[in-house]
Amino acid sequence: MKVVLGFSGGLDTCACLKLLQEKYGAEVITVIVDVGQRPELFRVAEERARKLGAAKHVYVDAKEEFVREYVFRSVKANGCYEGYPLSISLARYPTASWLARIALREGAEAVAHGCTGKGNDQFRFDLTLSAQAPGLRIIAPIRELNLTREAEVEYLGKCGLPFPSTPYSVDENLWGRSVEGKELEDPSRPPPEEAFQLTRSPAEAPKEPTLVTLGFEGGVPVFLNGERTEGVRLIRELNLLAGAYGVGRIDVMEDRILGLKAREVYEAPAATVILEAHRALEALVLTREELAVKERMDRKWSEMVYGGRWFDPLREDLEAFIEATQRRVTGEVKVELLPGRAQVVGRSSPHSLYDRERVSFHLQGFDQRMSASVTKFHGLDGRIQRMRG
Ligand code: ARG
């Protein structure tokens, strides 16, 4: 049996590679999809794939696709679930789609992934694989064999790949990084510094703030500090700038799809800055009514992406609305980077709805006396109820 395995080179997928050969009798093609992990991880993955007996190892560069088709749509939708900017959720869809495509190309019988039966990623992988390649069998060895991380470490030790101790469960891409497991599973304990890789501790951040200017066109960032910058590079550079200030550390209790609460730790420096800036620009150019409805649509879009429902037509229906609102989300936002946070300090747009003349304390703008008749009627039903009550 030929199997295509989504392979990061981490504990779970290394265990899967060996298990597929030994327990499933499979010939395994390992596939790593580049969604902007740190480059050193690819070398490690390739070495481990060879060492553990992969028949073939395939690298796919999906960074641009990831940004264009997933991250930027999420920016337009202010994608966020319970304080988490969907970094990992988004990347699962292109990753699983590539696995399906390669499996079909290689004539494989099955696609395998390293998800456990406890998390959310199994939903995103399984739903994408069955949408993109319905005829393929899906194998999830960790879930099927009901393994713990300790059992995986022990098994790999016997196979000649020693892990000195059980590592964190980590996932990363351009839009952020997640860390789970070990002492982080005690929600009362602050995460140790070693859990973080993309952000410096805010305590060590420069005391002097840095000003970053983001230029948006149609709802997506295209200029960084006045220079037109392609998406992958823009996010990379912003990760470095904001990461140095410890911006984008997120520590939340998260409600997983299965109904389990989990303590999740994330680093998402660029995502934090871009989403803040995008919201600030929308607040300048969209009407109150648009903002109110969009907030609900954004929330629904985020829940669907989090929940594995990328292939539900509602996701595209919501995007049709969101896209229509984004035509005016063009302009510039100034963000100050400070230790541990990003603060919007300026915004401008050719589509701005801000009317300085009318709103100003200093300018006449309109005849204030007209407002008195408006306040007489505003909230009238509530006052009537009180008078009667
Ligand atoms: N809780 C996040 C999500 O559902 C992150 C999942 C992290 N995955 C991992 N393999 N460590 O999107």
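Only a predicted model underlies this, so the values are computations on that prediction, with no experimental measurement involved.

## Regarding the packing of aromatic side chains
Turning to step 1, where the next piece is worked out: According to the stated counting rule, one finds 7 aromatic pairs in the structure shown.
Turning to step 2, where the next piece is worked out: Centroid distance Y84 to Y306: 6.3 Å. Interplanar angle 80°. Geometry classified as edge-to-face. Here Y84, found in the loop between α3 (63-76) and α4 (87-106), pairs with Y306, found in helix α10 (residues 288-306); they are 222 residues apart in sequence, far enough to count as distant.
Turning to step 3, where the next piece is worked out: Residue classification places Y84 among the buried residues on the basis of a relative accessible area of 2%.
Turning to step 4, where the next piece is worked out: Ring centres of W301 and W310 lie 6.3 Å apart, and the angle between their planes is 70°; on these two criteria the pair is classed as edge-to-face. W310 matches W301 in its accessibility class, with the two residues each being buried.

## Brief notes about the pattern of salt bridges
Turning to step 1, where the next piece is worked out: For the structure shown, the criterion picks out 35 salt bridges.
Turning to step 2, where the next piece is worked out: We note a salt bridge from D121 to R92, for which the minimum N-O separation is 2.9 Å. In this pair, D121 is assigned in helix α5 (residues 121-132) and R92 in helix α4, connecting sequence segments 29 residues apart.
Turning to step 3, where the next piece is worked out: Close ionic contact of E180 with R256 constitutes a salt bridge, the shortest N to O distance being 3.2 Å. Note that E180 is positioned in strand β7 (residues 176-180) and R256 in the loop between β11 (249-255) and β12 (261-267), a separation of 76 residues in sequence.
Turning to step 4, where the next piece is worked out: For E180, a relative accessible area of 21% translates into the label partly exposed.
Turning to step 5, where the next piece is worked out: Under the relative-accessibility criterion, R256 is labelled buried at 18%.
Turning to step 6, where the next piece is worked out: One salt-bridge network, in which partners are shared between bridges, spans R68, E69, R73, R315, E316 and E319.

## Quick notes on the nonpolar core
Turning to step 1, where the next piece is worked out: One finds W175 and L214 to be the most contacted residues of the largest nonpolar core, which totals 79 residues.
Turning to step 2, where the next piece is worked out: Filtering out sequence-adjacent residues up to four positions away, W175 remains in contact with F66, V71, V75, P85, S87, L90, I235, A268, A270, A271, I274 and L275.
Turning to step 3, where the next piece is worked out: Membership of the second largest hydrophobic core comes to 28 residues, among which are L19, Y24, F42 and L161.

## Focus: the site of the ligand
Turning to step 1, where the next piece is worked out: The environment of the ligand is formed by 14 residues, the closest being Y84, N120, R124, E180 and E254.
Turning to step 2, where the next piece is worked out: The contact in question runs from an oxygen atom of the ligand to an N or O atom on the side chain of Y84, over 2.6 Å.
Turning to step 3, where the next piece is worked out: Residue D121 places a side-chain N or O atom 2.9 Å away from a nitrogen atom belonging to the ligand.
Turning to step 4, where the next piece is worked out: Summarising the interface, the protein chains cover 90% of the accessible area of the ligand, which totals 340 Å² for the free molecule.
Turning to step 5, where the next piece is worked out: Here the element with the most residues in the shell around the ligand is α4; it accounts for 3 residues.
Turning to step 6, where the next piece is worked out: Taken together, the residues of the shell around the ligand break down into 4 nonpolar, 4 polar and 6 charged.

About the criteria used
- Going along each chain's sequence as written, the residues are numbered from 1 onward.
- Two thresholds apply to this predicted model, a pLDDT of at least 70 for residue-level local features and 80 or more for giving and counting side-chain atom pairs, whereas whole-chain, interface and lining totals are computed over all residues.
- Hydrogens and water are ignored here; the side-chain numbers use all heavy atoms of the structure.
- Two aromatic rings from Phe, Tyr or Trp, using only the six-membered ring of Trp, form a pair when their centres are within 6.5 Å; if the ring planes differ by under 30 degrees the pair is stacked, by over 60 it is edge-to-face, and anything between is tilted.
- Strands here mean DSSP runs of E at least two residues long; helices mean DSSP runs of H or I at least four residues long; both are numbered from the N terminus.
- Exposure is judged per residue with a 1.4 Å probe applied to protein chains only, and the accessible area is read against the type maximum: over 50% gives exposed, under 20% gives buried, and values in between give partly exposed.
- Any Lys or Arg side-chain nitrogen found within 4 Å of a carboxyl oxygen on Asp or Glu counts as a salt bridge.
- Nine residue types can take part in a nonpolar core, namely buried Ala, Val, Leu, Ile, Met, Phe, Trp, Tyr and Cys, and a core is a set of them joined through side-chain atoms within 4.5 Å.
- Any two residues having at least one pair of non-hydrogen atoms within 4.5 Å are treated as being in contact.
- Any residue with at least one heavy atom within 4 Å of a molecule or strand is counted as near it.
- Any pair of nitrogen or oxygen atoms within 3.5 Å is treated as a polar contact; in protein, a donor-acceptor pairing is required on top of that, and neighbouring residues in sequence qualify only through side-chain atoms on both sides.
- A 1.4 Å probe and the Shrake-Rupley method give the accessible areas. Residues count as covered only by the protein chains that appear here.
- All residues other than Ala, Val, Leu, Ile, Met, Phe, Trp, Tyr, Cys, Pro, Asp, Glu, Lys and Arg, Gly among them, are scored as polar; the first ten of these are nonpolar and the last four charged.

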